[in-house]
Amino acid sequence: MNDLSIAQALPNLRIARFRQEIDAAVASVLGGAHYILGAPVERFEAAFAAHEGREHAVGVGSGTDALALALRALGVGPGDEVVTAALTFAGTAQAILHCGARPLFADVDPHTWCITAETVEAVLTPSTRAILPVHLFGFPADMAALCAFAAHRGLAVVSDCAQAHGARIGPRPLGSFGDAAAYSFYPTKNLGCVGDGGAVLVDDPVLAGRLRALREYGFSHGTRISREAGFNSRLDTLQAAILSALLPHLDAGNRERRAIAGRYRAALAGLNGLRLQDEHPGGVSHQFAVAVPNRGELAMRLADEGIRTAIHYHPGLHRHPAFADPKAVPLPVSDRLSASLLSLPIQPEVAGAEVERIASAVREAYVR
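The model shown is predicted, which means the values in this text are computed figures rather than measured ones. (Residues numbered from 1 in each chain as written. Predicted model: local features only at pLDDT ≥ 70, side-chain atom pairs only at ≥ 80, totals over all residues. Heavy atoms only, no water.)

Another aspect to go through is the overall build of the chain. The helix and strand tally for the chain stands at 14 helices and 12 strands. Taken over C-alpha atoms, the radius of gyration comes to 20 Å for the chain, in line with the 21 Å a tight globule of 368 residues would show. Projecting the C-alpha coordinates of the chain onto the three principal axes gives extents of approximately 65 × 55 × 40 Å. The buried share among the 368 residues of the chain stands at 55%. Restricting to contacts in the chain with at least 6 residues of sequence separation, those with at least 24 account for 72%. As presented, the chain carries roughly 15500 Å² of accessible surface, and 54% of it is formed by carbon and sulfur atoms. (Helix = DSSP H or I, 4+ residues; strand = E, 2+ residues; numbered from the N terminus. Rg over C-alpha atoms; globule rule 2.2 N^0.38 Å. Buried < 20%, exposed > 50% of the residue type's maximum accessible area, 1.4 Å probe, protein only. Contact = heavy atoms within 4.5 Å. Areas by Shrake-Rupley, 256 points an atom, 1.4 Å probe, with all protein chains shown as cover.)

Set out below in structure tokens:
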């Protein structure tokens, strides 16, 4: 099964699990007065901001829009550069292009699979305006070091939390770090709706007001007068109501994912040449990927056992035509991981009762 088919199939199980609450949320919108923005969106924005440790949340149309609007609101534009990871989904770098800026790709740490202050420093230029760390597979990057580095260099920090809903660094929610945090609510996310959706989280009320203007045609507050070039990117009211129904289950779902990841780690320990992302006590295990030298063969053997896997992300973004840069620095760790990562089932509704069987199939296939 390809990635798209998996993306279409997995959310149905989550919807079925919480169908009663979701049906009630949908009915409340259909029987209400607002289908665009309105009280359901505002309620979700307030609840999600509080959950992630921010003062304000601004619901938008997608995770990609969340990144682009956050960068735009912080002043990133044509001629600027933004440092990010190549080992991520294309939407991360597309958001930079949508601002008229250019993505600069930093390599990732071989243990955390995230960019670091050191790898960012290696690619900085005088045109660099912002850093966009990606918390790959729900593993928090070292935000304290990245934010300190950015402050020293006068750079903005927009955190790509699309895979890290509810993650934490020590006592702090991950989304509370940086100038802004951007989230996606794509159906397969740890907190996913039944379509596209996203949000930008900030503390500055002025920045929040600019984001609300940018998401709706650049309108000034309370008017239909465009003060600047804006977007039509509003979190759908129906999706906001569904997300409000699912948000109370997020932390429990993340605990389930961490438990499944722990069972995988124990069952796969000792396989020579198989590498895992480091553990993080505040991670949320959006995906569980193994780095193996024989990815294609392993995927086929698991498919023979009825086990669906996926590849995230190949090739790295620095090898996509849209982001090609002849002056880019080599990214050996990103290239090595891109060629070897295979994601095993981690969704509680899919993997919960199957972890030992899946791990056993991996061990058997791996040692052949």
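Cis geometry is found at the peptide bond from His312 to Tyr313, where omega equals -5 degrees. Its location among the elements puts Tyr313 in the loop between helix H11 (295-304) and helix H12 (332-338). Put simply, His314 and Pro315 share a cis peptide bond, and its omega is -5 degrees. Relative to the elements of secondary structure, Pro315 occurs in the loop between H11 and H12.

Bringing the environment of Ala289 into the picture now. Relative to the elements of secondary structure, Ala289 occurs in strand E11 (residues 288-291). Remark: the alpha-carbon pair of Ala289 and Ser340, spanning 51 residues in sequence, is separated by 9.4 Å. Those residues in contact with Ala289, other than ones at most four positions away along the chain, are Trp113, Phe137, Arg275, Leu276, Leu341, Leu342 and Ser343.

Our next topic: the packing of aromatic side chains. Given two aromatic rings, their pairing is described by the distance between the two centres and the angle made by the two planes. The final tally for this structure, using the stated rule, is 9 aromatic pairs. Between Phe48 and Phe185, the ring centres sit 5.4 Å apart and the planes meet at 75 degrees, which makes this aromatic pair edge-to-face. Taken together, the residues Phe48 in helix H3 (residues 39-51) and Phe185 in the loop between strand E8 (180-184) and strand E9 (198-202) connect sequence positions 137 residues apart. The exposure class assigned to Phe48 is buried, which follows from its relative accessible area of 0%. A residue is classified by how much of its surface remains accessible, and Phe185, at 0% relative accessible area, is buried. On the numbers, 6.5 Å between centres and 25 degrees between planes, the contact of Phe137 with Tyr313 is stacked. With a gap of 176 residues between them, Phe137 in the loop between strand E4 (128-132) and helix H7 (143-153) and Tyr313 in the loop between H11 and H12 connect regions that are remote in the sequence. (Phe/Tyr/Trp six-rings, centres within 6.5 Å; stacked < 30°, edge-to-face > 60°.)

In the contact formed by helix H4 (residues 63-73) and helix H8 (residues 205-214), the axes pass within 10 Å of each other and the chain directions differ by 125 degrees. Classified by the interaxial angle, the pair formed by H4 and H8 is oblique. H8 is crossed by H4, and the crossing has right-handed handedness. On H8, the residues that touch Leu69, Ala70, Arg72 and Ala73 of H4 are Leu207, Arg210, Leu211 and Leu214. Looking at the contact of H4 with H8 residue by residue, the class counts come to 6 nonpolar, no polar and 2 charged. (Axes fitted to C-alpha atoms, helices over the stretch in contact; angles between N-to-C directions. Parallel < 35°, antiparallel > 145°, perpendicular 65-115°, else oblique. Left-handed = near helix turned anticlockwise from the far one by under 90°. Nonpolar A, V, L, I, M, F, W, Y, C, P; charged D, E, K, R; others polar.)

Once that is clear, we can look at the nonpolar core. Within the largest apolar cluster, 59 residues are counted, with the highest numbers of intra-cluster contacts made by Phe44, Phe48, Val120, Phe185, Leu191, Leu337 and Leu341. For Leu191, the contacting residues outside a window of four places in its chain are Arg14, Phe44, Phe48, His165, Ser184, Phe185, Leu243, Leu246, Leu247 and Leu250. Within the second largest apolar cluster, 27 residues are counted, among which are Ala66, Leu71, Leu132 and Val200. (Core = buried A, V, L, I, M, F, W, Y, C linked by side-chain atoms within 4.5 Å.)

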